[in-house]
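# Structural overview
What follows is the residue order along each chain.
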Amino acid sequence: MKRFFLAMVIVATAAQLAGAEEKNPPVSFGMQLGVDYSVLPGEFSLWNLRYGLGIDFLVHLGSTFYLGAELGAAFGFHKENLTDSGFDRIDVQFPLHLTALVFLGTFTIQLYGGAVYLGGANLTGGIVYIGDFSFALLPDAGVKIGWGTINNLFLKGGYVFGDPGLFYFGLGARIGLF
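Residues numbered from 1 in each chain as written. Predicted model: local features only at pLDDT ≥ 70, side-chain atom pairs only at ≥ 80, totals over all residues. Heavy atoms only, no water.

### Thoughts on the pattern of salt bridges
Applied cut-off: Think of a salt bridge as a Lys or Arg side-chain nitrogen and an Asp or Glu carboxyl oxygen that are within 4 Å of each other. Every helix listed is a DSSP run of H or I at least four residues long, and every strand listed is a run of E at least two residues long, numbered separately from the N terminus. Note on classification: 1.4 Å probe, protein chains only; a residue is buried when its accessible area is under 20% of the maximum for its type, exposed when over 50%, partly exposed between these limits.
Under the criterion given, the structure shown has five salt bridges. Of the charged contacts in the structure, one is a salt bridge between Arg 174 and Asp 56, with a shortest N-O distance of 2.8 Å. Here Asp 56 lies in strand β2 (residues 49-62) and Arg 174 lies in strand β8 (residues 166-176), a separation of 118 residues in the sequence. Each member of the pair, Arg 174 together with Asp 56, is buried. Put simply, Glu 70 and Lys 144 hold a salt bridge, and the shortest N to O gap is 3.0 Å. One end of the pair, Glu 70, is in strand β3 (residues 65-78); the other, Lys 144, is in strand β6 (residues 134-148), with 74 residues separating them in the sequence. Accessibility assignment for this pair places Glu 70 and Lys 144 in one class, buried. Overlapping salt bridges bring together Arg 50, Arg 89 and Asp 91 as one network.

### Observations regarding the side chain of Glu 70
The following threshold applies: Pairs of N or O atoms within 3.5 Å make up the polar contacts considered here, provided that, within protein, one atom can donate a hydrogen while the other can accept it, and that residues adjacent in sequence are counted only when both atoms are side-chain atoms. The contact rule is simple, with two residues in contact once any of their heavy atoms fall within 4.5 Å.
Under the relative-accessibility criterion, Glu 70 is labelled buried at 8%. Within the structure, the side chain of Glu 70 is placed 2.9 Å from the side chain of Gln 32, a separation counted as a polar contact. Ignoring sequence-local partners within four residues, the contact set of Glu 70 consists of Gln 32, Ile 55, Asp 56, Pro 95, Leu 96, His 97, Thr 99, Gln 110, Tyr 112 and Lys 144.

### As for the nonpolar core
Most often, soluble globular proteins have nonpolar side chains that are buried together. Condition: Throughout, nonpolar core names a set of buried Ala, Val, Leu, Ile, Met, Phe, Trp, Tyr and Cys residues whose side chains join them through atoms within 4.5 Å.
By size, the foremost hydrophobic cluster in this structure holds seven residues: Leu 40, Tyr 112, Val 116, Leu 138, Val 160, Leu 166 and Tyr 168. Filtering out sequence-adjacent residues up to four positions away, Leu 138 remains in contact with Gly 114, Ala 115, Val 116, Leu 118, Val 160, Phe 161 and Gly 162. By size, the runner-up hydrophobic cluster in this structure holds five residues, among which are Leu 58, Tyr 66, Leu 101 and Phe 103.

Here it is, written out as structure tokens:
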């Protein structure tokens, strides 16, 4: 009976999310999951991946247009090369963006800009100490191109302005919670 109840909850949730796709709700609070790759000047490494989670709030202003804001957190570990036995650094970032989202049929284009609190710390014997973190607040801007409407999968790319600046690109998913 528990499995049947759980299956019914999943079906009801999926139906609610499918309905949200069609209605274009007046406001949408959502959650985003993503993976980014940062391209640092002078450094190409397989370990520049960032894994993140974010929340956003969008307000519907027309038949195909939303304005909103998003807040996120992402982290990643770094190695100098593949043969290293352990990671040498942890990188973190906390972006805060204002966004404009436009629907083009079943596709979305979202422009965003704001700031990112970017930081990192060296690992000492696999241990990170909070006092070792150094942060910088830097402006950034980018674009997300998605497939779907309120619930979508997206590709994104952007640039963090600073000295040195960095490009990033990635993929993610947005789930509209209401």
